[in-house]
Amino acid sequence: MTDDFLIEGTYDKRNDVLYLEASGDYADTVALSDDLIIDVNSDDNIIGVEIHYASEAFNIPAEYLDDLVAVKGHIDVSDDEVRLHLKVVSDVRNDIRERGSYNVHVPNNRLKAQKQQLATA
């Protein structure tokens, strides 16, 4: 398991899509499921995560995502699956705290097994 990262995200309330973008040179987009899309660099390191139906995925009201401060979590890639464990940190009425979690395990048909860390620098 990798260490938790903390990264800013962008939430599109109209389409209910949460996007986490790290630094890195984009090489390809990989659809892990209908609702989960990742961007990778040439070494297959994850540099972006797009979650559709985000309010449902995190089981929180869209307003909490609209007041997004950051996303905390980690990503593990094995030969068989990709595991994402993410938590939303939002500011609702001046109360900043973790609001909802998203834990998903999807088959890995593309990425090399390695530890993943979304980097912000």
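Since we're looking at a predicted model, the values are computed, not measured. (Residues numbered from 1 in each chain as written. Predicted model: local features only at pLDDT ≥ 70, side-chain atom pairs only at ≥ 80, totals over all residues. Heavy atoms only, no water.)

**A look at the overall build of the protein**
The line we're drawing: The helix count covers DSSP runs of H or I at least four residues long, the strand count covers runs of E at least two residues long, and both are numbered beginning at the N terminus. Only protein chains enter the accessibility calculation, which uses a 1.4 Å probe; a residue whose area is less than 20% of its type maximum is buried, one above 50% is exposed, and one in between is partly exposed. We call two residues in contact whenever any of their non-hydrogen atoms come within 4.5 Å of each other. Computed with a 1.4 Å probe, the accessible areas rest on the Shrake-Rupley method; for each residue, only the protein chains presented here act as cover.
Looking only at helices and strands, the protein features two helices and ten strands. Taken along the three principal axes of its C-alpha coordinates, the protein extends 40 × 30 × 25 Å. Taking all 121 residues of the protein together, the buried fraction comes to 45%. For the protein, long-range pairs separated by at least 24 residues make up 57% of all intrachain contacts whose partners lie at least 6 apart in sequence. With an accessible surface of roughly 6,800 Å², the protein has 41% of that area assigned to carbon and sulfur atoms.

**Topic: the pairing of strand β9 (residues 95-107)**
Test applied: Between any two strands, pairing holds if DSSP finds at least two bridges.
Pairing of strand β8 (residues 81-92) with β9 involves twelve bridges; the strand directions are antiparallel. Paired with Ser90 across the two strands is Arg97, which belongs to β9. Count of turn residues in the β8/β9 antiparallel hairpin: two residues, of which Arg93 carries a positive phi of about 50 degrees.

**A look at the nonpolar core**
Definition in use: In these notes, a set of buried Ala, Val, Leu, Ile, Met, Phe, Trp, Tyr and Cys residues joined through side-chain atoms within 4.5 Å is what counts as a nonpolar core.
Ranked by size, the top nonpolar core spans 31 residues in total, and within it Leu18, Leu36, Val49 and Leu86 carry the most contacts. The contact partners of Leu86, leaving out residues within four places of it in the chain, are Phe5, Leu20, Ile51, Phe58, Val71, Lys72, Gly73, His74, Gly100, Ser101, Tyr102 and Asn103.

**Some points on the environment of Asn103**
Which entries qualify depends on this criterion: Throughout this description, a polar contact denotes any pair of N or O atoms lying within 3.5 Å of each other; where both atoms belong to protein, one of them has to be capable of donating a hydrogen while the other can accept it, and for residues adjacent in sequence the pair is counted only when both atoms sit in side chains.
Relative to the assigned elements, Asn103 resides in strand β9. Taking C-alpha positions, Asn103 is 8.5 Å from Ala57, a pair spaced 46 residues apart along the chain. Ignoring any residue separated from it by four or fewer positions in sequence, one finds Asn103 in contact with Leu84, His85 and Leu86. A polar side-chain atom of Asn103 sits 2.8 Å from a polar atom in the side chain of His85.

**Overview of the confidence of the model for the protein**
Rule in force here: Here pLDDT means the predictor's own confidence in every residue, given as a number from 0 to 100.
Per-residue pLDDT for the protein has a mean of 87; in total, 90% of the residues score no lower than 70. Here strand β10 (residues 114-116) stands out as the least confident element of the protein, with mean pLDDT 59; helix α1 (residues 54-58) is the most confident, with 96.

**Topic: the packing of aromatic side chains**
Short version of the rule: In this scheme Phe, Tyr and Trp rings, the latter by its six-membered ring, pair at centre separations within 6.5 Å, and the angle between planes marks the pair as stacked below 30 degrees, edge-to-face above 60, and tilted otherwise. Comment: the charge-over-ring label is applied if NZ (Lys) or CZ (Arg) is within 6 Å of the ring centre and within 35 degrees of the ring normal.
As enumerated under the stated definition, the model contains one aromatic pair in all. Taking the centre distance of 5.4 Å and the plane angle of 40 degrees together, the rings of Phe58 and Tyr102 count as tilted. Note that Phe58 is positioned in helix α1 and Tyr102 in strand β9, a separation of 44 residues in sequence. Exposure class is identical for Phe58 and Tyr102. Each is buried. Positioned above the aromatic ring of Tyr64 is the side chain of Arg99, whose terminal nitrogen or guanidinium carbon lies 5.2 Å from the ring centre.

**Some words on the pattern of salt bridges**
Basically, it comes down to this: Salt-bridge detection follows one rule: a side-chain nitrogen of Lys or Arg within 4 Å of a carboxyl oxygen of Asp or Glu.
Tallied over the full model, the rule gives seven salt bridges. In this structure, Asp66 and Lys13 form a salt bridge, with 4.0 Å as the shortest nitrogen-oxygen distance. Residue Asp66 is located in helix α2 (residues 62-66), and its partner Lys13 is located in the loop between β2 (9-12) and β3 (17-21); the two are separated by 53 residues in the primary sequence. With a relative accessible area of 42%, Asp66 lands in the partly exposed category. If you follow the salt bridges from partner to partner, you end up with Lys13, Glu63 and Asp66 in one network.

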